[in-house]
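Listed below are the residues making up each chain.
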Amino acid sequence: MRNLLLLMLTLALGGNAVAQDAKALLQSGPMAGYSEMREVMLWVQTTEAATVQIAYRPQKGGEEFRTASYQTKAEEAFTAHLLADQVEPGLFYNADLYINGQKVSLDYPFHFQSQALWKHRTDPPDFKFIAGSCAYVNDPTFDRPGKPYGGQYEIWEHVNDADADFMVWLGDNLYFRESDWGTQRGIFYRHTYSRSQAYYQPLLAGMHHYAIWDDHDFGPNDADRSFVNKDLTLEAFKLFWANQRYGLPHMEGGITSKFTWGDCDFFLLDNRYFRAPNDRTTGDRTHFGEEQLNWLIDALKGSKAPFKFVCTGGMVLSTYSRYENMSRVHPDERKQLMDAIQEERIKGVIFLTGDRHHTELSYWNPGGGVPVYDLTCSPLSSTSYDVDEDNEFLVKKTNVGDRNFGVLEVTGGNQNRKLTITIIDVKGKKRWTREISEKEWD
């Protein structure tokens, strides 16, 4: 009996040690990526080569399924995309991460959802999502001297507490330093360092995530199509995010994409890969590039969504002629896009933008025309700027000059949808709220 007890104790301690070893191999994540009705993409990163797998089961009970296992490798920054392809529409799932066959005990819930099958059956589902940009993580070894550029990371607790279905990261989701963008090693380092922060982990595992990029997670400040290592940063973006696709079938390069949640369409644009230098005065003066812009106009025209969210890194509507606002750097292409929206009578267009380190709402409604909105939402944890800019389309009392994020809720019955925008600051305080009805476009 005594020997049996000793054996059981040894096995118990050994099992616990193995579990601890498995947890030590977790670098960051797990994260829920894109969600569709019949599949969901999940993501994780390990500290070294390891075999990873995720088990998942419906929250209300049912059979457990597992993703295929995957061996992480150095040339992919030890990241893994694991496809949950045994989901059914409209269900919530609890999930467990396994590394080298051992279940990892997480300090936060890990769950995800599949999208609902609702058309011809019910009203479209209500949903809630987060919008934000400019997430700087201090790294003293590589930061410029002086006051840290990032801070107040408690904002991520409030983002997580918003209990949203998903988050749209609107660019500058990390900040490459001079030591990073010249090599794959530096690019992988910056992604890993930023993604591994403890305050991110509950958020990554608790809701779905979609992302675009802007200059600082594409390359150097104000980077454009001439950036020589854009192939390396593109590959890293694909490795560290879990969008359903990157780029369009007829285009080479870039991160352009689109997804649908409920009855709303989200257009994920690339404002860097094809972009002409801001101050070039001759030749091809493009922002999105001809192919991407034409695709966007076609896709907007074809969309039946009550709200068409166009996600891009920089301000589109603002008339303030400084910095990288589209009105300054590429006014001709901006006019082409705005003219198309009016001439094609495209309803429900709402730009979601970042970059500018403050938040504001712009509204444009030419006489007898089609209304257009632009919600700039910035910054999350980067330095903020309390500014009063000369933007003729600014909606009064929507300027927020400190760290914040947006919570956007779509509610209401079919053909009577309502969007509620709430801006929340680093203290969890609501700074302003505005409702937009799809009937504005009637």
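Here is a short report on the structure shown in this document. (Residues numbered from 1 in each chain as written. Predicted model: local features only at pLDDT ≥ 70, side-chain atom pairs only at ≥ 80, totals over all residues. Heavy atoms only, no water.)

Each helix and strand in the chain was counted, giving eight helices and 21 strands. Its C-alpha atoms give the chain a radius of gyration of 23 Å, near enough to 22 Å, the size a compact globule of 442 residues would have. Dimensions of the chain, computed from C-alpha atoms along their principal axes, come out at roughly 90 × 55 × 45 Å. Taken across its 442 residues, the chain has 57% of its residues classed as buried. (Helix = DSSP H or I, 4+ residues; strand = E, 2+ residues; numbered from the N terminus. Rg over C-alpha atoms; globule rule 2.2 N^0.38 Å. Buried < 20%, exposed > 50% of the residue type's maximum accessible area, 1.4 Å probe, protein only.)

The next point concerns the environment of Y210. For Y210, the location among the structural elements is in strand β12 (residues 208–212). Residues Y210 and A32 lie 178 residues apart in sequence; the distance between their C-alpha atoms is 9.3 Å. When residues no more than four places from it in sequence are discounted, the contact partners of Y210 are Y34, S35, F166, M167, V168, W169, N243, F259, W261 and L268. (Contact = heavy atoms within 4.5 Å.)

Another point: the side chain of R195. By secondary structure assignment, the location of R195 is in helix α3 (residues 184–195). Buried within the structure, R195 lacks any salt-bridge partner; its nearest side chain of opposite charge belongs to D217, at an N-O separation of 8.7 Å. Once residues lying within four places of it in the same chain are set aside, the contact partners of R195 are S28, M31, W43, Y200, Q201, L204, F240 and W241. (Lys, Arg positive; Asp, Glu negative; His and termini not counted. Salt bridge = Lys/Arg side-chain N within 4 Å of Asp/Glu carboxyl O.)

The next subject is helix α6 (residues 290–302). If you check α6, its first and last C-alpha atoms are 18 Å apart, about what 13 residues at 1.5 Å a residue would give, namely 18 Å. Among all positions in α6, only Q292, L293, W295, L296, I297, A299 and L300 are buried. Each element contacted by the buried residues of α6 is listed here: β13 (257–261), β14 (264–268), β15 (308–312), α8 (331–343) and β16 (349–353). (Expected span 1.5 Å × (residues − 1).)

So, about the packing of aromatic side chains. Taken as a whole and assessed by the stated rule, the structure comprises 41 aromatic pairs. Both rings, one in Y93 and one in F112, keep their centres 5.3 Å apart while their planes meet at 10 degrees; by these two values the pair is stacked. Highlighted residues: Y93 in strand β7 (residues 92–99) and F112 in strand β9 (residues 111–113), separated in sequence by 19 residues. Comparing Y93 with F112, the two get one shared label, buried. Centroid distance Y363 to Y373: 4.7 Å. Interplanar angle 45 degrees. Geometry classified as tilted. With Y363 in strand β17 (residues 360–364) and Y373 in strand β18 (residues 372–376), this residue pair connects regions lying ten residues apart in the sequence. Taking relative accessible area as the criterion, Y373 reaches 0% and is therefore assigned buried. Pairwise contacts between aromatic rings join F127, F129, F166, Y210, F259, W261, F266, F307, F309, Y363, Y373 and W441 into one cluster. Against the face of Y273 rests K230, its NZ or CZ located 4.1 Å from the ring centre. (Phe/Tyr/Trp six-rings, centres within 6.5 Å; stacked < 30°, edge-to-face > 60°. Lys NZ or Arg CZ within 6 Å of the ring centre and 35° of its normal.)

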